Amino acid sequence: MRRPEIQPLFDAVRRRLWSRQFVAAARLALWAGAGLALVAAAAHLVLRPVSIDALLALLALPWLALLARAGWRRPPDAACALWADRHLGGASAYTTLMELDAMPQGASGAPARQRLEAWVAGRIPQSLAQMTAHRETPYLSRPLVAMLVCAALAAFVLALPGPAPAPARPAATADAAAAAEHPPLL
């Protein structure tokens, strides 16, 4: 849709949708980081020592992937129109007008289209005012606290020595043990 009178509203809605994508990506990265910190701590205790640098590199992976994905997915005009219809009292006018713009000029009734354009033009200032009046809460506190607790636990566990390797048996003892396990057949 390339209507100059609607484009400021769609730009504001696009910024809102994009910020929602980034908040959702941050929330998911925080939960993933909490889980990865616990997995690293368990691996350090059971399998082999894990360094703090390896943990930090592992924690950076979901952040990079999820934030890049959120930045790559630019909300299209259709999504902006649908969101404006649903949340800003558009009553399907923004989506309908966008669909009418995609049709050839002779395909729609001129009087109905003019009334729709006039209604949308009168509704845009109210919709923009609604956008600025309503602030959204990101709800990042729970995953952030979970991430901090799990990271603190992982840092504590990673400071401990890793699992002790099995003691090496001397060669003479190993030969005697093997002979005891498998006596020669006569």
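Reading the values: rules and limits
Residues numbered from 1 in each chain as written. Predicted model: local features only at pLDDT ≥ 70, side-chain atom pairs only at ≥ 80, totals over all residues. Heavy atoms only, no water. Helix = DSSP H or I, 4+ residues; strand = E, 2+ residues; numbered from the N terminus. Buried < 20%, exposed > 50% of the residue type's maximum accessible area, 1.4 Å probe, protein only. Contact = heavy atoms within 4.5 Å. Core = buried A, V, L, I, M, F, W, Y, C linked by side-chain atoms within 4.5 Å. Salt bridge = Lys/Arg side-chain N within 4 Å of Asp/Glu carboxyl O. Patch = residues over 30% accessible without salt bridge, like charges linked within 9 Å, V, L, I, M, F, W, Y side chains within 5 Å. Areas by Shrake-Rupley, 256 points an atom, 1.4 Å probe, with all protein chains shown as cover. pLDDT = per-residue confidence, 0-100. Axes fitted to C-alpha atoms, helices over the stretch in contact; angles between N-to-C directions. Parallel < 35°, antiparallel > 145°, perpendicular 65-115°, else oblique. Nonpolar A, V, L, I, M, F, W, Y, C, P; charged D, E, K, R; others polar. Expected span 1.5 Å × (residues − 1). Arc of directions from axis to C-beta.

A. Broad picture of the overall build of the protein. Scanning the protein for helices and strands turns up 7 helices and 0 strands. When its helices and strands are written in sequence order, the protein yields α-α-α-α-α-α-α. Evaluated residue by residue, the protein yields a buried proportion of 31% over its 186 residues. Taking the contacts inside the protein whose residues are at least 6 apart along the sequence as the reference set, 79% of them involve residues at least 24 apart.

B. Here's a closer look at the nonpolar core. Residues L9, F10, V13, L88, Y94, V120 and M131 are the most contacted members of the largest nonpolar core, which totals 20 residues. Those elements that place two or more of their residues in this core are α1 (7–46), α3 (77–87), α4 (93–102) and α5 (110–133). Leaving out residues up to four positions away in the same chain, M131 has contacts with L9, A12, V13, R16, W83 and L88. Counting 13 residues, the second largest nonpolar core, distinct from the first, contains A34, A41, V50 and L59.

C. Representation of the pattern of salt bridges. One pass over the structure, following the stated rule, counts 3 salt bridges. A salt bridge links R14 to D11, with the nearest nitrogen and oxygen atoms 3.4 Å apart. With R14 and D11 both in helix α1 and 3 residues apart, the pair spans about one turn of that helix. The exposure class of R14 is buried, given its relative accessible area of 4%.

D. Region of the structure containing a nonpolar patch on the surface. Nonpolar side chains collect at one region of the surface, where L38, L45, V46, L47, L153, F156 and L160 lie side by side and expose about 690 Å² of accessible area between them. When residues of the nonpolar patch are traced back to their parent elements, those giving at least two are α1 and α6 (141–159). For L153, the location among the structural elements is in helix α6.

E. Looking closely at the confidence of the model for the protein. When pLDDT is averaged along the protein, the result is 82, and 83% of the positions lie at 70 or above. Within the protein, the lowest mean pLDDT, 64, falls on helix α7 (residues 171–181), and the highest, 91, falls on α6.

F. Structural detail: the packing of α1 against α3. In contact at an axis separation of 9 Å, α1 and α3 are set at 95 degrees when each is read in the N-to-C sense. With respect to their mutual orientation, α1 and α3 come out roughly perpendicular. Side by side, α1 and α3 meet where Q7, L9, F10, V13, R14, R16, L17 and R20 of the first sit next to D77, A79, C80, A81, W83 and A84 of the second. Of the residues assigned to the contact of α1 with α3, the class counts are 9 nonpolar, 1 polar and 4 charged.

G. Highlighting α6. Under the 1.5 Å per step criterion, the end-to-end length of α6 is 27 Å for 19 residues, consistent within 8% with the ideal 27 Å. The complete set of buried residues in α6 reads P143, A146, M147, C150, A154, V157 and L158. In a view along the axis of α6, the buried residues occupy a sector of 100 degrees, so they form one face of it. The exposed set on the far side of α6, more than 90 degrees from its buried face, consists of S141, L148, V149, F156 and A159. Looking at the buried positions of α6, the neighbouring elements they touch are α1 and α2 (52–72).

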